[in-house]
Amino acid sequence: LRAMGRWEDAKRHYEIVVQLRRQQVDREGRSRPEFVDALRRLGEIWKDLGQLEEAKTRYELAISSCPDEFHNCSLLFADFGRLLSELGDKEQAIS
């Protein structure tokens, strides 16, 4: 959906995925890679829409939820660093 420029549909889709995964996290007491990935993708969508603070919020939640065994955390940190740089927070982007 995002690749087709259907931003609102994509955003709605990932919001639903996040809600479902959040319920699963609450039941299991641990985060799952699908939850983190959905949050990362929501961050991308908000960034593409020019809503950088909304994107930052989603990335921060994804980072705080990232399980140790999730291999895509490096991609998440790279995306977040680029966003922070765009927001003008180069100091935090580097750290």
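All of the points below concern the structure found in this document. This structure is a prediction, so every number in the text was calculated from the model and none was measured. (Residues numbered from 1 in each chain as written. Predicted model: local features only at pLDDT ≥ 70, side-chain atom pairs only at ≥ 80, totals over all residues. Heavy atoms only, no water.)

Let's talk about the packing of helix H2 (residues 33-48) against helix H3 (residues 52-65)
Each pair of packed helices can be described by the angle between their axes along with the distance between the axes. Contact pair H2 / H3: the axes reach a minimum separation of 8 Å and the direction vectors enclose 165°. As the angle between them shows, H2 and H3 are arranged roughly antiparallel. In this structure, the crossing between H2 and H3 has a hand that is left-handed. For the pair H2 and H3, contact is made by Phe 35, Val 36, Leu 39, Arg 40, Leu 42, Gly 43, Glu 44, Trp 46 and Lys 47 and by Leu 52, Glu 54, Ala 55, Arg 58, Tyr 59, Leu 61, Ala 62 and Ser 65, respectively. Here the residues of the contact of H2 with H3 are counted per class, giving ten nonpolar, two polar and five charged. (Axes fitted to C-alpha atoms, helices over the stretch in contact; angles between N-to-C directions. Helix = DSSP H or I, 4+ residues; strand = E, 2+ residues; numbered from the N terminus. Parallel < 35°, antiparallel > 145°, perpendicular 65-115°, else oblique. Left-handed = near helix turned anticlockwise from the far one by under 90°. Contact = heavy atoms within 4.5 Å. Nonpolar A, V, L, I, M, F, W, Y, C, P; charged D, E, K, R; others polar.)

Observations concerning the side chain of Lys 11
Position of Lys 11 among the secondary structure elements: in helix H1 (residues 7-28). Given the relative accessible area of 13%, Lys 11 is considered buried. Here the side chain of Lys 11 touches Glu 8 through a polar contact of 3.1 Å, side chain to side chain. The contact partners of Lys 11, leaving out residues within four places of it in the chain, are Leu 42, Ile 45, Trp 46 and Leu 49. (Buried < 20%, exposed > 50% of the residue type's maximum accessible area, 1.4 Å probe, protein only. Polar contact = N/O pair within 3.5 Å; in protein donor to acceptor, adjacent residues only side chain to side chain.)

Focus on helix H4 (residues 73-86)
Between its first and last C-alpha atoms H4 spans 20 Å; for 14 residues at 1.5 Å apiece the expected length is 20 Å, and the two agree. Among all positions of H4, only Cys 73, Leu 76, Asp 79, Phe 80, Gly 81, Leu 83 and Leu 84 are buried. Gly 88 sits one or two positions beyond H4 and adopts a positive phi of about 90°. (Expected span 1.5 Å × (residues − 1).)

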